[in-house]
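The chain contents come next:
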Amino acid sequence: MSDTPSVLFVCLGNICRSPLAEAAFRAAAERAGLEVEVDSAGTGAWHLGDAPDPRAQAIARQHGLDISGYRARKVTRADYDRFDHMIALDEDNYETLHIYRPEGARAQVTMLLDHVPGREREPVADPYYGGPGGFESTWEDVSAGAAGLLQGMVART
């Protein structure tokens, strides 16, 4: 088992929130000089192999990140032992991750905003059915969550 921390961000379709969270966390870890394994996945299979939503790609680009090469995938049973942390973006996905979590699995399952003091149990709103402004709000939330998660990891090292 590697000493490198590993994190999987999980939303429903893996084309909006979770790829943005992956990108925000990856960038924050890089700035902090922390080597991590980071990925994202969905609990649903609607978008398997698809690139992130163009609006998600646009908001990432506005923040200097390119997520165009990311591809949607579904959470697998193996992910529960591959990753130290499985981070759900909302309550429904949190519950789904717990339902399918194998007994004795390695991964700790939390919600992203659990890592932001005062925002525990809050969901990251799904911007899929809204306009571009929703993606900016999502970016703000995933950035705050990524910073809080990173801070907790650095404090434990």
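Residues numbered from 1 in each chain as written. Predicted model: local features only at pLDDT ≥ 70, side-chain atom pairs only at ≥ 80, totals over all residues. Heavy atoms only, no water.

(A) Up close: the nonpolar core. With 36 residues, the main nonpolar core has F9, L20, F25, L89, L112 and V142 as its most contacted residues. Broken down by secondary-structure element, the contributors of at least two residues to this core are β1 (6–11), α1 (17–32), α2 (54–62) and α5 (132–156). Counting residues per element, this core draws most heavily on α1, at 8 residues. Ignoring any residue separated from it by four or fewer positions in sequence, one finds L20 in contact with A56, I59, A60, I67, F135, T138, W139 and V142. (Core = buried A, V, L, I, M, F, W, Y, C linked by side-chain atoms within 4.5 Å. Buried < 20%, exposed > 50% of the residue type's maximum accessible area, 1.4 Å probe, protein only. Helix = DSSP H or I, 4+ residues; strand = E, 2+ residues; numbered from the N terminus. Contact = heavy atoms within 4.5 Å.)

(B) Broad picture of the packing of aromatic side chains. Here the structure, examined in full by the defined rule, presents 2 aromatic pairs. Taking 4.8 Å as the distance between ring centres and 85 degrees as the angle between the ring planes, the aromatic pair formed by Y128 and Y129 counts as edge-to-face. Owing to a relative accessible area of 28%, Y128 belongs among the partly exposed residues under this scheme. Since its relative accessible area comes to 77%, Y129 is described here as exposed. The residue whose ring lies beneath R121 is Y94, and the NZ or CZ to ring-centre distance is 4.3 Å. (Phe/Tyr/Trp six-rings, centres within 6.5 Å; stacked < 30°, edge-to-face > 60°. Lys NZ or Arg CZ within 6 Å of the ring centre and 35° of its normal.)

(C) Representation of the side chain of T110 within the structure. Looking at where T110 falls in the secondary structure, it is placed in strand β4 (residues 108–111). Using a relative accessible area of 11% as the deciding quantity, one classes T110 as buried. If near-sequence neighbours (up to four positions away) are discounted, T110 is found in contact with M86, I87, A88, Y94 and H115.

(D) Here's a closer look at the pairing of β1. Among the 6 residues that make up β1, 6 are buried, leaving the element largely enclosed by the rest of the structure. What you see with β1 is no split at all: S6, L8 and V10 on one side and V7, F9 and C11 on the other are buried throughout. Looking at chain direction, β1 and strand β2 (residues 37–42) are connected through 6 bridges and run parallel. Following the sheet pairing, S6 is matched in β2 by E37. (Pairing = 2+ DSSP bridges.)

(E) Structural context of the pattern of salt bridges. All told, the structure shown has 13 salt bridges when counted by the stated rule. One salt bridge connects D126 with R17, and the closest N-O pair in it is separated by 3.7 Å. Taken as a pair, D126 in the loop between β4 and α5 and R17 in helix α1 lie far apart in primary sequence, 109 residues in all. R73 is the salt-bridge partner of D39, the closest N and O atoms lying 3.0 Å from each other. One end of the pair, D39, is in strand β2; the other, R73, is in the loop between α2 and α3 (79–82), and 34 residues separate them in sequence. For D39, a relative accessible area of 18% gives the class buried. Among the charged side chains, a salt-bridge network with shared partners connects E37, D39, R73, D79 and R82. (Salt bridge = Lys/Arg side-chain N within 4 Å of Asp/Glu carboxyl O.)

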